[in-house]
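Commentary on secondary and tertiary structure
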Amino acid sequence: MREAFFYQQCQEGLVVCGLCRHRCRIGVGERGRCGVRENRDGRLITLVYGLLVAQHIDPIEKKPMFHFLPGSQSYSIATVGCNFRCRHCQNEQISQYPHAHAGLIPGTLTKPGEVVAAAQRAGCASISYTYVEPTIFCEFAHDCARLAKARGIGNVFVSNGYMTTEAVRLLAEVLDGINIDLKGFTDGFYRQVCAASLAPVLENIRLFHALGVLVEVTTLIIPGLNDSEEELRAIACFLRGVSADIPWHVTGFHPAYAMLDRPSTPAATLRQARAIGMEQGLRFVYQGNVAAPDGGDTHCPACGALLVRRQGFTSQAVGMRGSRCLGCGASIPGVWAEG
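All figures in this text were calculated on a predicted structure; none of them were measured in a lab. (Residues numbered from 1 in each chain as written. Predicted model: local features only at pLDDT ≥ 70, side-chain atom pairs only at ≥ 80, totals over all residues. Heavy atoms only, no water.)

1. Focus: empty space enclosed by the protein
Over the atoms, a rolling probe the size of a water molecule traces out where space has been left empty. This is how the line gets drawn: Only protein atoms enter the 1 Å grid used here. Points where a 1.4 Å probe fits but cannot escape make up a cavity, open sets with protein on both sides within 12 Å along at least five of seven lines make up a pocket, and a residue lines them when an atom lies within 4 Å of a point. Grid points are joined across faces, edges and corners, and a volume is the space filled by probe spheres set on the points. Each residue is assigned to one class: nonpolar for Ala, Val, Leu, Ile, Met, Phe, Trp, Tyr, Cys and Pro, charged for Asp, Glu, Lys and Arg, and polar for all the others, Gly among them.
All told, the structure shown has one cavity of 30 Å³ or more when counted by the stated rule. The volume enclosed by the largest cavity comes to roughly 100 Å³. Grouping the constituent residues of the lining of the largest cavity by class yields seven nonpolar, three polar and three charged.

Next up, the structure:
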């Protein structure tokens, strides 16, 4: 257990957590919404520092990050806990673990140096903080990321984007990339499905991009909830307003957790979403979770040449050298391997 980042002490031992936009007011002996930050006699403590429940080697495409060292491996870690309560969560066994098990915090105690060393041994080009919302183990992620960065290993967050501005600025110092879930485009959706709100996510997409972190965005399209043409167009327009170069991943929903009453997303809906994104001026829109010929490939926005061919979670650069298109020489935004 470690003292937490970003909190204020108030009267009668109360603390206000400033890590995520819930800004939980936490009484002595209580925890925040994430279930892993506790008020101990007026000090906010993180209960998950180094207590990892997942350590895996994943293709970076699985995050999904398509413009960050495609074809490389990423050492992926997580603790339990999450600041959202998504009804369709695919990792609810760990994200909601403290709530489902009377506050219990499992995990294997691991030091930041051990994570970085394991990533190096495995030949991973990056460490991904993923599976649950990594903001809730920010202290450990930050220590790992600083050490990894010093050793030439990249750092990637897979996030719901609900951190405070203070946390964004701290993380931007050590992150190379972030995939933010833009789960819908209405407050109603966020309240009903995630127990959160939309505006902070939009603000943080803008801020991470402005701070120079490579931002990719994923929208899981759920039939009947966020799949209307109007909502998809609104998302695409928002992203275009931040940058036409932000990769947008439109992915297929499959019934999970507390949302077993919805059908899987038809492939036609994903094709429509991709077409809408391109029509609105986004240069890189990708289909995921449903087989889609060419829907995961990267093409040069200047000349149309095939740059990166993808099948499943495998990638092959076929038309690039470094960040340049071999066809026309255009510079392609992202983080690419040299040569």
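Now that the structure has been shown, the text picks up again.
2. Brief notes about the sheet that holds strand β3 (residues 15-17)
Formally: For two strands to pair, DSSP has to find at least two bridges joining them. Where helices and strands are cited, they refer to DSSP runs of H or I of at least four residues and of E of at least two residues respectively, numbered from the N terminus.
Read from one edge to the other, the open sheet built from three strands follows the order β2-β3-β4, with strand pairing classed as antiparallel. Of all the strands in the sheet, just β2 (7-9) and β4 (25-26) have a single pairing partner and so form its edges. Of the pairings in the sheet, the one linking β2 to β3 comprises three bridges and is antiparallel in character. Note on β3: the bridge partner recorded for glutamine 9 is valine 15.

3. Comments concerning the nonpolar core
Applicable threshold: We call a set of buried residues a nonpolar core when its members are Ala, Val, Leu, Ile, Met, Phe, Trp, Tyr or Cys and they connect through side-chain atoms within 4.5 Å of each other. Throughout this description, buried means an accessible area under 20% of the type-specific maximum (1.4 Å probe, protein chains only), exposed means over 50%, and partly exposed covers the range between. Note on definitions: a residue-residue contact is assigned when non-hydrogen atoms from the two residues lie within 4.5 Å.
Core analysis: the largest hydrophobic core is formed by 93 residues, its most contacted members being Leu182, Ile205, Phe208 and Trp248. Residues in contact with isoleucine 205, not counting those within four places in the same chain, are Ile180, Leu182, Val215, Val217, Phe238, Leu239, Val242 and Ile246. In terms of nonpolar packing, the next biggest core, distinct from the first, is built from 11 residues, Phe66, Phe284, Tyr286 and Ala330 among them.

4. Here's the deal with the pattern of salt bridges
When the charged atoms of two side chains with opposite charge come close together, those side chains can pair. Put simply, the test is: Salt bridge, as used here, is a side-chain nitrogen of Lys or Arg placed within 4 Å of a carboxyl oxygen of Asp or Glu.
Counted by the stated rule, this structure contains 13 salt bridges. With its nearest N and O atoms 3.5 Å apart, the salt bridge here joins arginine 43 to glutamate 3. Within this pair, whereas arginine 43 is found in strand β6 (residues 43-46), its partner glutamate 3 is found in strand β1 (residues 2-3), the two being separated by 40 residues in sequence.

Geometric descriptors of this kind do not, in isolation, establish any biological role.
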